[in-house]
Structures are given as structure tokens and as C-alpha cells.
Number of protein chains: 2
Amino acid sequence: MSSSAVLPIRRRSLHDELVDRLRLMIVEGDLAPGSKIFEKELSDLFAVSRTPLREALKVLAREGLIELSPNRGATVAELTLADLEEAFPVMGALEALSGELACRSITDREVAQVRRYHEAMLEAYAKRNMPNYFKHNQAIHQAILEAARNPTLEQMQNALAGRVRRARYMANMSEDRWAKAVAEHESILAALEARNGEGLAQILKAHLANKLETVREHLAALQA
Amino acid sequence: MSSSAVLPIRRRSLHDELVDRLRLMIVEGDLAPGSKIFEKELSDLFAVSRTPLREALKVLAREGLIELSPNRGATVAELTLADLEEAFPVMGALEALSGELACRSITDREVAQVRRYHEAMLEAYAKRNMPNYFKHNQAIHQAILEAARNPTLEQMQNALAGRVRRARYMANMSEDRWAKAVAEHESILAALEARNGEGLAQILKAHLANKLETVREHLAALQA
DNA sequence: ATTATTAATTTTGCATTCAAAATGCAATGG
DNA sequence: CCATTGCATTTTGAATGCAAAATTAATAAT
């Protein structure tokens, strides 16, 4: 008997599965901001009834990814600059806290893993491979979050992550913003390796503020 | 025509109403931690069908107030010390941010209102009137939160507030903890009136950390 | 032609129903 | 007597059904 065969069978309710799938569709732009969601359309698409779909919509509404208005249904939330100006500072505060907590409890092994993500990210940067860059970037932030050993914090940050991540699909980084972000990541790694919680918190907060600036610049460029 | 008469008619879905009512029941301890929730029992109690009730349960599960396990139903989340040790730092980070942001945009009129809440709170303290003390205390924190002008932050903080508030119903303050909390509130008001964002953030973060200490002390006393 | 009004259709909100899974209990065997 | 198995009951998960509200289309009036 192989050991993996005795792992508990993972069973998910339809509603849970739908929450994840719909979130992905929204974050990746498959469901356009502002577009109306017809329950029947989606329940047909996923081949489920409206009941679990509606349960999922309630949850996504609380996450701010969709908006519900009584008797009039759901629309995919718009992602205005104003929304991002709200979300980024909150994300900054949460990331700062996870950095601070992570420095207290992260293991050497975990730090080493972060370093590997970091180097993979640098490689992607050298090749200007944006998707891979984002992938490793996200792995770093996720690793720090997990090292904070605070599931509540994790949950809150993940709830916001959707909104923040959507911005990536609307805003490309300029060359020098990108360079700056990479430089910031050098300090992030340094602070983490030095277990400098206060410092890491500060850097992460600033990092998020700069991300917001990137989005602002991009949107301004679109206007012009 | 009174101005309040023209306010938009608040139409709420059953599910929304249920979320609020159930949250209140949980926060105030009407639904005991760890107790199983039978859908039929509750839907009968509120005289609604299971459908909107189930929608509400999904939402409350995301807020961490109840736990769902597939095919096995919902239980009211336990409120262990470990849970509070997670929640309080997160709340601290969010409160710190709201303090920081509030100092940027709060009006003189709003500060004056906070001062009135503060004085009402002092009066309740003088009379050792705990319920009134909490009421005004909460009004202060809510006012600061609103002054931050960040609905996203408000939403996040309110999602956590349930968990934190539940602690109040399990932990009474010792006389000197109470005195200390009041003293901290003096600095909160001072920092707010001086529009010292950095300072207010720091005080609020410490304030939440001390609240956690109060809970710890209380639980330790119960053990002994 | 454009707006107002009314009827038809669609869509939502909720209740009901049905199947699948879990729980409790009695019977059986060790 | 206790543990295990099989069965009845309860409870959950999801589909279906139905009424109310909203939207769209069609008609009438200015």
C-alpha cells in the first residue's frame, strides 16, 4: 500500500469549487469588469444548478469581486483606480505584519527556499519574462505569509489578493519601475535573512505603495 | 417632508439579514462556541427556508465565525486563545492603518465628536458601567475607521471585529487593566487631535496588543 | 417621431423536493 | 460484555419549481 493512497479523500462541495473557479475567472479577466452575471448562463456553463452557484456568488460578493443588488443580480466589480487606492494600503499593512511575524518564526530552510524563488525571479527578470517573474514573485510573498504562522492573516490577505492581482492584468510595468521593484526585492531578501522584522515590515509597506504608483502611472499613460 | 423619509428604501435579501442576525447571535454567545448548527432548527427559528440560511452560513464561514465540514454541517467556531492570538495582531495592523489614514482626512467636527464619545466613555468608566464603556469605546474606534475614508479597510476590519468582540464576552477586565486602557485612550485622543498619524498608528497597535494581554490574563486566572 | 403605458419575457429570490451521505441504534458474533 | 456489521433515521447537498420583481418589447397617445 503506497502511503499516498491512505491520505484522506479530499471532497469539496460544489459551492467551494465554484468560488475558486469564479474567482480565477474574475482575476484573470475572463469575466470582464462591470459585466452582468446571469445565474443561468454560469450554472449552465459549469453544469450545476443555480443553488450552489448562488452560494458562491454571496461569498465572492463579500470578497468584493462582485457586486450584488437585490432582485437585480450580480455584476463583476469594476476595478477603478479609486478601488486600488483603497486596496493597496490595506494590503500593505497586512504584508507588513506578515513580514514582521515571519521574521520571528521563519526557519533557515524556509529562508533558503525564498532565496531560490528570488533567484528564479531574477532570472525571469533578466529574460524579461513577465509571467514567470510574477509567478516567482508571488511565491515569495506567499512564503513570507506562510512563515508568519497566522492563518487568520493568511485568510485576510488572500481575500484581498484577488483584487490586487487583478491590477496586474490591467497595468504593465515600465522598465524602470520593474528595475525598482527588483531592487526592493533585494532588500526584502536581505531583511528576511537578517530576521529584521521592523525593517521588512517597512520595506513591504513601501513596496506595496510603489506597486500602486506603477498602476497609477500606467493608467495615466493610458489617459494621455 | 422629513429628510430621513427620502432615504433610499433599504431592501435587504433574507440572506443578508440572516448573516447579520446570526453574526450577532454568535458574537453575543447566543450560539455557543463549538455547538452544532442544524439547518432545519435555525430555518424554523427564523421562519425561512434552508436555502437563504445556507447562503448565510457560507458567508459566515468565510468570516471565520463558523466552520463547515462537507456533508457534516456547520459548527460555531471555537474561540481559543490561539485564535485570539492570531486575530488581535491582524486587527492591530488594520487599526493602525485606519489611525494613520484618519489623521490625514478627519475633520475638526469629527474630532470633536470623538472627544464627546471619549468623555462619555470616561463617565461610564467613573461609574464602572462596563456595557456603556464598551459602547462608547466602540463608537470611537468606528469613528476613526470611518474617518480613514477607506471602505475596503472598513469591510476588512468589520469582518474581523466579530471575532475580536466575542472575546469581550469571555474576558472581563481587571481594575488596573481597565485603568491602563483608559490611559491609552487619552493618548489616542491626543494623537488624533494633533493629527499625528504615525503616533496614533503606534498607539493603536499597542492598544490591541494590550487587549490581547487582558484576555490572556483573564484566561490564566480561570485556569488557576 | 417620441414618450408613456402596458403586456410579455426574463431573471431573481426563495421554498420545496429528492438523492446522497452521515449518524444513531439494534442485532449479531466474538 | 464489548466490538462490529447492517439497517433505519436524520441531515446535508443540490436540483427543481414557483411567485415576485425587473427588464424588454410592443402598443398607444401626444
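Preceding this section is the structure that the text describes.
Criteria and cut-off values
Residue indices begin from 1 for each chain and proceed along its sequence in written order. Following the order in which they are written, the chains are lettered starting with A and the ligands numbered starting with 1. Local features in this predicted model are restricted to residues whose pLDDT is 70 or higher, and side-chain atom pairs enter the listing and the counts only when it is 80 or higher, whereas totals over whole chains, interfaces and linings include all residues. Labels follow the DSSP assignment, with helices taken as runs of H or I lasting at least four residues and strands as runs of E lasting at least two, numbered in each case from the N terminus. Exposure classes come from backbone-placed C-beta atoms, where a residue is buried if 20 or more other C-beta atoms lie within 10 Å of its own, exposed if 12 or fewer do, and partly exposed in between. Residue pairs qualify as contacts under a 7 Å threshold applied to their C-beta atoms, which are placed from the backbone. To obtain each axis, a line is fitted to C-alpha atoms, and for helices this fit is confined to the stretch in contact; angles are then taken between N-to-C directions over 0 to 180 degrees. If an angle is under 35 degrees, it is roughly parallel; if it is over 145, roughly antiparallel; if it lies from 65 to 115, roughly perpendicular; otherwise it is oblique. Helix crossings fall into two classes, left-handed where the near helix is turned counterclockwise from the far one by less than a right angle and right-handed where it is turned clockwise. Side-chain classes follow a simple rule in which Ala, Val, Leu, Ile, Met, Phe, Trp, Tyr, Cys and Pro form the nonpolar group, Asp, Glu, Lys and Arg form the charged group, and the remainder, Gly included, forms the polar group. Here is the check we use: build the C-beta atom from the backbone, and if it is within 6 Å of the molecule or strand, call the residue near. A strand pair is defined by DSSP finding two or more bridges across the two strands.

(A) Seen up close, the overall build of chain A. On a plain count of helices and strands, chain A comes out with nine helices and three strands. For chain A, the N- to C-terminal ordering of α and β elements is α-β-α-α-β-β-α-α-α-α-α-α. Summarising its shape, the C-alpha atoms of chain A cover approximately 65 × 55 × 30 Å along the three principal directions. Evaluated residue by residue, chain A yields a buried proportion of 38% over its 224 residues. A sequence separation of at least 24 residues applies to 73% of the contacts in chain A between residues at least 6 apart.

(B) Seen up close, the packing of helix α4 (residues 81–105) of chain A against helix α4 (residues 81–105) of chain B. Contact geometry for α4 of chain A and α4 of chain B: axes closest at 9 Å, N-to-C directions at 140 degrees. The angle between the axes of α4 of chain A and α4 of chain B places the two elements in the oblique class. Relative to α4 of chain B, the crossing made by α4 of chain A is right-handed. Contact residues: α4 of chain A offers Pro 89, Val 90, Ala 93, Leu 94, Ala 96 and Leu 97 of chain A, while α4 of chain B offers Pro 89, Val 90, Ala 93, Leu 94, Ala 96 and Leu 97 of chain B. Each residue belonging to the contact of α4 of chain A with α4 of chain B can be placed in one class, and the counts come to twelve nonpolar, no polar and no charged.

(C) Quick peek at the protein's contact with DNA strand C. Taken together, 18 residues form the shell around DNA strand C, and within it Glu 39 and Gly 73 of chain A together with Leu 14, Ser 49 and Thr 51 of chain B come nearest. The set of elements that each furnish at least two residues to the surface near DNA strand C consists of α2 (39–46) and α3 (50–63) of chain A together with α1 (14–27) and α3 (50–63) of chain B. Tallied by class, the residues present in the surface near DNA strand C amount to five nonpolar, eight polar and five charged.

(D) Structural view of the interface of chain B and chain A. Taken together, the 25 residues of chain B in the interface contact 25 residues of chain A. Among the elements of the structure, α3, α4 and α7 (151–168) of chain B are those that each provide at least two residues to the side of chain B that touches chain A. The greatest single-element share of the side of chain B that touches chain A, amounting to eight residues, is contributed by α4 of chain B. Its residues placed into classes, the side of chain B that touches chain A shows twelve nonpolar, six polar and seven charged.

(E) Region of interest: the packing of helix α8 (residues 175–193) of chain A against helix α9 (residues 197–223) of chain A. Residue and element names in this part refer to chain A. Their axes nearest at 9 Å, the elements α8 and α9 cross at an angle of 165 degrees. With respect to each other, α8 and α9 are oriented roughly antiparallel. Seen from above, α8 lies across α9 with left-handed handedness. Between α8 and α9, the contacting residues are Arg 177, Lys 180, Glu 184, Ser 187, Ile 188, Ala 191 and Leu 192 on the first element and Gly 199, Leu 200, Ile 203, Leu 204, His 207, Asn 210, Thr 214 and Glu 217 on the second. For the contact of α8 with α9, the class distribution of residues is six nonpolar, five polar and four charged.

(F) Up close: the sheet that holds strand β1 (residues 36–37) of chain B. Residues and elements named next belong to chain B. Reading across from one edge, β1-β3-β2 is the order of the three strands in this open sheet, with antiparallel pairing throughout. Of all the strands in the sheet, just β1 and β2 (66–69) have a single pairing partner and so form its edges. Of the pairings in the sheet, the one linking β1 to strand β3 (residues 73–76) comprises two bridges and is antiparallel in character. Of the residues in β3, the one forming a bridge with Ile 37 is Ala 74.

(G) Structural context of the protein's contact with DNA strand D. Surveying the vicinity of DNA strand D reveals 18 residues, the closest of which are Leu 14, Ser 49 and Thr 51 of chain A together with Glu 39 and Gly 73 of chain B. Every element with two or more residues in the surface near DNA strand D is listed here: α1 (14–27) and α3 of chain A together with α2 (39–46) and α3 of chain B. Among the elements that make up the surface near DNA strand D, the one with the highest residue count is α3 of chain A (three residues). Split by residue class, the surface near DNA strand D holds five nonpolar, eight polar and five charged.

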